Amino acid sequence: MLAYKLADRGGRLVEVPAAYTSQTCACCGHVDAANRPSQAVFVCMRCGHRANADTNAATNILRRADGALKPVEGHRTKRPDEAGTSRRAA
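Sequence order as written defines residue numbering, which begins from 1 separately in each chain. Thresholds applied to this predicted model are a pLDDT of at least 70 for local features of residues and 80 or more for the giving and counting of side-chain atom pairs; totals over whole chains, interfaces and linings are not thresholded and use all residues. In computing side-chain properties, one takes all heavy atoms of the structure into account and sets aside hydrogens as well as water.

Brief notes about the overall build of the chain
Applicable threshold: What counts as a helix is a DSSP run of H or I of at least four residues, what counts as a strand is a run of E of at least two, and both are numbered from the N terminus. Partly exposed residues are those whose accessible area sits between 20% and 50% of the maximum for their type, while under 20% is buried and over 50% is exposed, using a 1.4 Å probe and protein chains only. Only heavy atoms matter for contacts: two residues are in contact if any of them lie within 4.5 Å across the pair. Reported accessibility uses the Shrake-Rupley method at a 1.4 Å probe radius. Residues are deemed covered only where the shown protein chains occlude them.
Along its length, the chain carries 2 helices and 2 strands. Traced from its N-terminal end to its C-terminal end, the chain shows the element sequence α-β-β-α. The 90 residues of the chain split such that 17% are buried. Considering only contacts in the chain between residues 6 or more positions apart, those separated by 24 or more positions represent 33%. For the chain, the exposed surface amounts to about 7,200 Å²; the carbon and sulfur share of it is 51%.

Dropping the structure here:
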């Protein structure tokens, strides 16, 4: 369904294997279950990188998309709900 809707709107779906993205350091690539001391916190046991666990995993997922979805510096400075919407009223 998602692929259909994206194709209809000119978007592109990139499927990415998400395995271990929440345990992989977005800075040095170290994979360890101990990198996730809690549901919300990521702390790399090798380099000390600290981040929100979801943000760290999202960075890894973007990289696995082979650069197809990498954000350009300065892109999307507002959160989606603050940036407005392109959907038309029904």
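Resuming the write-up.
Description of the side chain of R36
The cut-off we apply is this: His is not counted, nor are the chain ends; Lys and Arg add positive charge and Asp and Glu add negative charge. Salt bridge, as applied in this entry: a Lys or Arg side-chain nitrogen positioned within 4 Å of an Asp or Glu carboxyl oxygen. A 3.5 Å cut-off defines polar contacts: any pair of N or O atoms within that distance qualifies, except that in protein one atom must be a possible hydrogen donor and the other a possible acceptor, and neighbouring residues in sequence count only when both atoms are side-chain atoms.
Relative to the helices and strands, R36 is located in the loop between α1 (2-9) and β1 (41-43). Look at R36: it is buried, it has no salt bridge, and the nearest opposite charge is D54 at 5.3 Å. Polar contacts involving the side chain of R36 include one to the side chain of S22, which spans 3.4 Å. Beyond its immediate stretch of four places on either side in the chain, R36 contacts S22, V41, F42 and A53.

Observations concerning the environment of D54
If you trace the backbone, D54 turns up in helix α2 (residues 53-64). On the accessibility criterion, D54 (57% relative accessible area) is exposed. Considering only alpha carbons, one finds D54 and Q39, 15 residues apart in sequence, at a separation of 8.8 Å.

So, α2
Quick reminder of the rule: Under the convention used throughout, the expected extent of a helix is 1.5 Å for every residue step, that is, one less than its residue count. As used here, the arc belongs to the directions running from the helix axis to the C-beta atoms.
For α2, built from 12 residues, the straight-helix expectation of 16 Å at 1.5 Å per residue is met to within 8% by its first-to-last C-alpha distance of 17 Å. Within α2 the residues assigned to the buried category are A53, N56, A57 and N60. Along α2, the residues classed as buried sweep out an arc of 95° about the axis, all on the same side. Residues of α2 that are buried sit in contact with β1 and β2 (50-52). Of the residues that open α2, the one with a side-chain oxygen 2.8 Å from the backbone nitrogen of D54 is N52. Downstream of α2 by one or two residues, D66 has phi in the positive range, about 60°.

Let's talk about the confidence of the model for the chain
Filter applied, for reference: Every residue carries a pLDDT, the predictor's confidence in it, which falls somewhere between 0 and 100.
The predicted model of the chain has a mean per-residue pLDDT of 80, with 73% of residues at 70 or higher. The weakest mean pLDDT in the chain belongs to α1 at 88; the strongest belongs to β1 at 98. Overall, residues 70-90 carries pLDDT values under 50, and its contacts beyond four positions in sequence, including any with other chains, amount to 3 contacts.

A look at the side chain of N35
By the element assignment, N35 lies in the loop between α1 and β1. Judged by relative accessible area, N35 falls into the buried class, the value being 0%. Within the structure, N35 has its side chain in polar contact with the backbone oxygen of Q23 (distance 3.0 Å). What N35 contacts, discounting residues up to four positions off in sequence, is Q23, C25, H30, V41, F42, V43, C44 and M45.

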